[in-house]
Amino acid sequence: MTFHYNTITKLLVLTAFGAISSAAFADDTQKTNEKTDQVEHLVITGEAPDAPGIVITDPKKPRQPLPAHDGADYLKTIAGFAVTRKGGADGDAIFRGMAGSRLGILVDGENILGGCNYRMDAPTAYIYPELHDSLTVIKGPQSVAHGAGHSAATILFERKTPDFSQAGYELHASMLGASFGRNDQLIDATIGSSDGYFRFGGSNSASNNYQDGSGKDVHSEYQRYSSQLTAGWTPTKNTLIELTTARSDGDAAYADRGMDGTKFLRESYSFRAEQRDIAPWLSELTLHWFDNSVDHVMDDQELRTPGMMGYANLTRDTKGGRITALMPFATDLQLTAGVDTQSNEHASRSAPPSGVYSNWQQDAEIEQKGLFAELVYQLNDNGKIASGYRLDQWQATDLRPMVGNMMSMKPNPSYNQERDDNLHSVFARYEHQLTDKPLTAYVGAGSTERFPDYWEMIAKESQMTVSAFNVAPEHTKQIDTGLLFADEKRQWSASVFYNQIDDFILVDYRSMMKMQGFVRNIDASSYGAELTYSQRLGDSLKVDSSLAYTRGTNDTDNSSLPQLAPLEARIGADYQQQDWSVGMLWRVVAAQDRYALNTGNIVGKDLGPSSGFGILSANAAWKILPSLQLSLGIDNLFDRQYAEFVSRAGSNGMGGAIPGFEQTTRVNEPGRTAWLKLSWSFEDKF
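Keep in mind that what you see is a predicted model, and the values were worked out from it rather than measured.

## A closer look at the sheet that holds strand β7 (residues 153-158)
- Taken together, the five strands give an open sheet; going across it, the order is β1-β6-β7-β4-β5, and neighbouring strands pair in mixed fashion. Single-partner strands in this sheet number two, and they are β1 (54-57) and β5 (110-111).
- Note: β1 against strand β6 (residues 134-139), four bridges, orientation antiparallel. Within β6, the position partnered with V55 by the bridge is V137.

In structure tokens, the structure reads:
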């Protein structure tokens, strides 16, 4: 499917790239003092933690295996993450076996919620990682400052505020070509002075259907494009007022269901105001407001042989904001406190293959108001305590008079019902830095109550009725402990966790009468570990490795907790000279024989046991100029046919098959994939 917006975005990207290139490329060689000549190390095993329970990475860095152009695929390079594959893009991220709203995913502090009842457009489908400056993962319930109920992890995609105390510009641009017709173009450009700045970002990514390791086509083509414009005003060095608007759209074919996504229109507006150095006890005050809308269409008409299901159009409007204050009461005591709020409305309509839509039906309103505080106390040179508490007031209204599908509609027993819940979250963490070696030890405990999300309350049924509106909130209690070590040659980390989850919201797909799944509360527990290790062997050779393992139990049913990825190890090596490097990645995943057939979460369900596999990939890079780098690689070098344990069923596993495609137990991963990427990062002062 072709969108007019795609043409506009691609022209903007290529025109801006060419214009800035011609102006700056000529004297790029004269700016070697501003950039290193050394080739940038490819991220191949995932990032080691930067602080206790926190991983920070640069989304602009090239990495292997090559991520799709969305947020979920980028996350899977971090130890502990897995992605449920549905096609070529728009997978759903899972961390330590937890998915959905257990992961708090924010873009510059803004929540994005998809529109599809069946998670066709997960929140990460609207995130273009390379347009951001940093990606932060806070493991477990170890923060309360970024929203409510994030029991598994908090994930922050953020753009930095540029420093233009001296007038100038910054540019990051990249182009990529890969197997199966994959091609990406991206530009992120900022120009400014001490008075303010303008930042423009644009991206386009497209791919044909890929082939698995046996050469079979997988229904997986996609095309996604985005643009963003930010205007910042800095009347003083301590004041910032910023306005941002963003728009993205695209289409995507799916191998796991009876429909494809033919519209992913997102429009967003946000306002931010910051004031720093206000008083000795108030170092920063921030106000942030946002308004975003998602307009999503799925159908079986445009990206496959037309069927009889027709069209479904779903929208979600989300508004929210927060006020945050940073208060250093003493040199060793700092408080972050604030309030936040968010509300969203969801509506839908449908049409037969003729395309004549029914009237819009609003089905739910959900609102949250929160109060939070985080305190960091430096005990001495070696010890630090971090703690936090938040209180959230939730309100939801069920607006569905009827429940069901076009084949069968029933009166909704919770029609016009309203529910209110006051939920609490708290954490505390102790960190200790050894005096005689660069080793930090930490132990943290957290407790968070999570309000059921839209997909659990509205998109699913309960065990006894056609409405799950009154499913109980989920309560997670977690202990997390670990070690971090870093010196000039070695860096390693080890963390272990244990979860006890009361009223875990399980989605059960075993009933023939409730084919789309029903929710029920169970008690569950899980535990696991993540290990990372890297070492430099001489001046040129670096080795990296990571290990992730999670195991869980459905304590109510005395069975395995579903959707837990198996033991996974990554081993990488990188040989580097001044302006070039070669490297490899060996990814080894164990077989998974612990599963709970046809139970899972809003993302997917266990499909049975899975086989283990090992995938070898290779890469090389060349620093053509101090600001220009060429990277290339081959993923799945030996063209192995394999599928992840956490995956959707292949070729419309919901029943039937997609014409022209073979139905498989799971959506198979891509076969041998060759790729070539050119990245250019440049800055100059006037």
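## Thoughts on the side chain of S493
- You can see S493 is positioned in strand β25 (residues 490-508).
- Using a relative accessible area of 6% as the deciding quantity, one classes S493 as buried.
- Here the side chain of S493 touches T532 through a polar contact of 2.6 Å, side chain to side chain.
- When near neighbours in sequence (up to four residues on either side) are disregarded, S493 contacts P49, L483, L484, E530, L531 and T532.

## Looking at the pattern of salt bridges
- Taken as a whole, this structure holds 43 salt bridges when the rule is applied.
- Measuring nitrogen to oxygen at the nearest pair gives 3.2 Å for the salt bridge that ties D188 to K60. Here K60 lies in the loop between β1 and α2 (71-75) and D188 lies in strand β9 (residues 182-193), a separation of 128 residues in the sequence.
- You can call D188 buried: its relative accessible area is 5%.
- R400 is the salt-bridge partner of D398, the closest N and O atoms lying 2.8 Å from each other. We note that D398, like R400, is buried.
- Several salt bridges share partner residues, and in doing so they unite R102, R450, D453, E456 and E474 into one network.

## Here's the deal with the side chain of S495
- Relative to the helices and strands, S495 is located in strand β25.
- Among the residues examined, S495 registers a relative accessible area of 6% and is labelled buried.

## So, the nonpolar core
- L75, F81, L103, V137, I155 and F504 are the most contacted members of the largest nonpolar core, which totals 42 residues.
- The residues contacting V137, other than those within four sequence positions of it, are G53, I54, V55, L75, I78, F81, A153, T154 and I155.
- Judged by nonpolar contacts, the second largest core, of 26 residues, contains L423, A468, F469 and I602.

## A look at the pairing of strand β29 (residues 568-576)
- For strand β27 (residues 541-554) and β29, the ladder comprises eight bridges, and the chain directions are antiparallel. Bridging from a neighbouring strand, K542 pairs with D574 of β29.
- Where β29 lies against strand β30 (residues 580-589), nine bridges are found, and the strand directions are antiparallel. Opposite A573, over in β30, you have M584 as the bridge partner.
- Between β29 and β30, which pair antiparallel in sequence order, lie three residues.

## Remarks on the environment of I278
- With respect to the helices, strands and loops of the structure, I278 is situated in strand β13 (residues 260-279).
- Note on I278: relative accessible area 39%, which makes it partly exposed.

## A word on the environment of T84
- Relative to the assigned elements, T84 resides in strand β2 (residues 81-84).
- Under the relative-accessibility criterion, T84 is labelled buried at 0%.
- Separated by 141 residues in sequence, T84 and Y225 have C-alpha atoms that sit 22 Å apart.
- In this structure T84 touches G91, D92, I94, Q563, V603, V646, S647 and R648, once residues within four positions along its chain are discounted.

## Points about the environment of D50
- Along the chain, D50 falls in the loop between α1 (4-24) and β1.
- Linking D50 and A486, residues 436 residues apart in sequence, is a C-alpha distance of 9.7 Å.
- Discounting residues that sit within four places of it in the chain, D50 has contacts with V55 and I56.

## Quick notes on the pairing of strand β26 (residues 518-537)
- Pairing of strand β23 (residues 461-462) with β26, which is carried by two bridges, proceeds in the parallel orientation. Looking across to β26, one finds that E461 is bridged to F518.
- Pairing analysis gives 17 bridges linking β25 to β26, with the strands arranged antiparallel. By the bridge assignment, L506 is partnered in β26 with R520.
- When β26 meets β27, the two strands line up antiparallel, connected through 14 bridges. Residue pairing for β27: A524 is matched across the bridge by N554.
- Between β26 and β27, which pair antiparallel and follow one another directly, the connecting turn spans three residues, one of which, G538, has a positive phi of 85°.

## Concerning unusual backbone geometry
- Of note, the bond from Q64 into P65 is cis; its omega dihedral lies within 30 degrees of zero at 0°.
- Along the chain, P65 falls in the loop between β1 and α2.
- Of note, S651 is a non-glycine position whose phi angle comes to about 50°, a positive value.
- By the secondary structure assignment, S651 is in the loop between β33 (628-635) and β34 (673-685).
- The buried category is assigned to S651, whose relative accessible area is 6%.

What counts, and at which threshold
- Residues numbered from 1 in each chain as written.
- Predicted model: local features only at pLDDT ≥ 70, side-chain atom pairs only at ≥ 80, totals over all residues.
- Heavy atoms only, no water.
- Pairing = 2+ DSSP bridges.
- Helix = DSSP H or I, 4+ residues; strand = E, 2+ residues; numbered from the N terminus.
- Buried < 20%, exposed > 50% of the residue type's maximum accessible area, 1.4 Å probe, protein only.
- Polar contact = N/O pair within 3.5 Å; in protein donor to acceptor, adjacent residues only side chain to side chain.
- Contact = heavy atoms within 4.5 Å.
- Salt bridge = Lys/Arg side-chain N within 4 Å of Asp/Glu carboxyl O.
- Core = buried A, V, L, I, M, F, W, Y, C linked by side-chain atoms within 4.5 Å.

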